[in-house]
Amino acid sequence: MTPEAFNTFFSICIGFALAGALVNGYQALAQRPAGFGLLQDGVAPKTFAAVPFLVFAAPFIIMRNTLRGVRVESRRAEFVMMATLIAGFWSMMSGTFFLMTLRAAGVLG
């Protein structure tokens with residue numbers, strides 16, 4: 001495995017782990033699952049505060065909703081594959097941003 005491929009795989013893993021930790025932390029505090037419905041409160045300060053949270057939590061929410069849709073609605077494999085690609089790419093981008101932030105802060109070498 002090339003170093004670039006390993007770095008990309010590591011970014012995807014970190015992105016999904018960060019998303020899962022954020023969503024599970026939100027659910028522990030709010031006693032309800034996180035979702036994109038957080039943006040439906042109109043123009044309010046908590047709606048604007050939800051945007052950065054959802055930017056990093058979205059891969060987990062997308063996959064959770066997709067897997068739930070497979071069981072409940074019998075969604076087709078093409079839809080599941082597209083949602084998995086979107087969540088994976090989103091996870092790679094958020095994981096890359098998170099790792100770059102840690103490097104800039106001097107936590108990683």
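Here the structure is shown first, and the text comes after it.
In this report, the structure presented in the accompanying data block is examined.

## A look at the packing of helix α2 (residues 45-73) against helix α3 (residues 77-104)
Between α2 and α3, the shortest axis-to-axis distance is 9 Å and the interhelical angle comes to 160 degrees. By the angle class used here, α2 and α3 are roughly antiparallel. The way α2 lies across α3 gives a crossing that is left-handed. Along its contact with α2, which presents Leu54, Val55, Phe56, Ala58, Pro59, Ile62, Met63, Thr66 and Val70, the element α3 presents Val80, Ala83, Thr84, Ile86, Ala87, Trp90, Ser91, Ser94 and Phe97. A breakdown of the residues in the contact of α2 with α3 according to their chemical character gives 14 nonpolar, four polar and no charged.

## Quick look at α2
In an α-helix, one turn spans 3.6 residues, which is why side chains three or four residues apart end up on the same side. Between the first and last C-alpha of α2 there are merely 34 Å, a value that for 29 residues lags more than 12% behind the 42 Å anticipated at 1.5 Å per step. The largest bend in α2 comes to about 60 degrees, at alanine 57, with the proline proline 59 one to four residues further on. At the C-terminal side of α2, serine 74 shows a positive phi close to 55 degrees.

## With respect to the packing of aromatic side chains
Counting across every chain of the model gives three aromatic pairs. Ring centres of tyrosine 26 and phenylalanine 53 lie 5.4 Å apart, and the angle between their planes is 35 degrees; this geometry places the pair in the tilted category. In this pair, tyrosine 26 is assigned in helix α1 (residues 3-30) and phenylalanine 53 in helix α2, connecting sequence segments 27 residues apart. Among the residues examined, phenylalanine 53 registers a relative accessible area of 17% and is labelled buried. Aromatic pair phenylalanine 56 and phenylalanine 97: ring centres 5.8 Å apart, planes at 35 degrees, arrangement tilted. On the criterion of sequence distance, the pair formed by phenylalanine 56 in helix α2 and phenylalanine 97 in helix α3 is long-range, its members being 41 residues apart.

## As for unusual backbone geometry
Outside of glycine, negative phi angles account for most residues, and trans bonds account for most peptide bonds. For glutamine 31, which is not glycine, the phi torsion reads 60 degrees and is therefore positive. Tracing the sequence through the fold places glutamine 31 in the loop between α1 and α2. The phi dihedral of serine 74 is positive, around 55 degrees, even though this residue is not glycine. Within the secondary structure layout, serine 74 lies in the loop between α2 and α3.

The rules behind these values
Residues numbered from 1 in each chain as written. Predicted model: local features only at pLDDT ≥ 70, side-chain atom pairs only at ≥ 80, totals over all residues. Heavy atoms only, no water. Axes fitted to C-alpha atoms, helices over the stretch in contact; angles between N-to-C directions. Helix = DSSP H or I, 4+ residues; strand = E, 2+ residues; numbered from the N terminus. Parallel < 35°, antiparallel > 145°, perpendicular 65-115°, else oblique. Left-handed = near helix turned anticlockwise from the far one by under 90°. Contact = heavy atoms within 4.5 Å. Nonpolar A, V, L, I, M, F, W, Y, C, P; charged D, E, K, R; others polar. Expected span 1.5 Å × (residues − 1). Bend = angle between axes of the 7 residues up to and from the residue. Phe/Tyr/Trp six-rings, centres within 6.5 Å; stacked < 30°, edge-to-face > 60°. Buried < 20%, exposed > 50% of the residue type's maximum accessible area, 1.4 Å probe, protein only.

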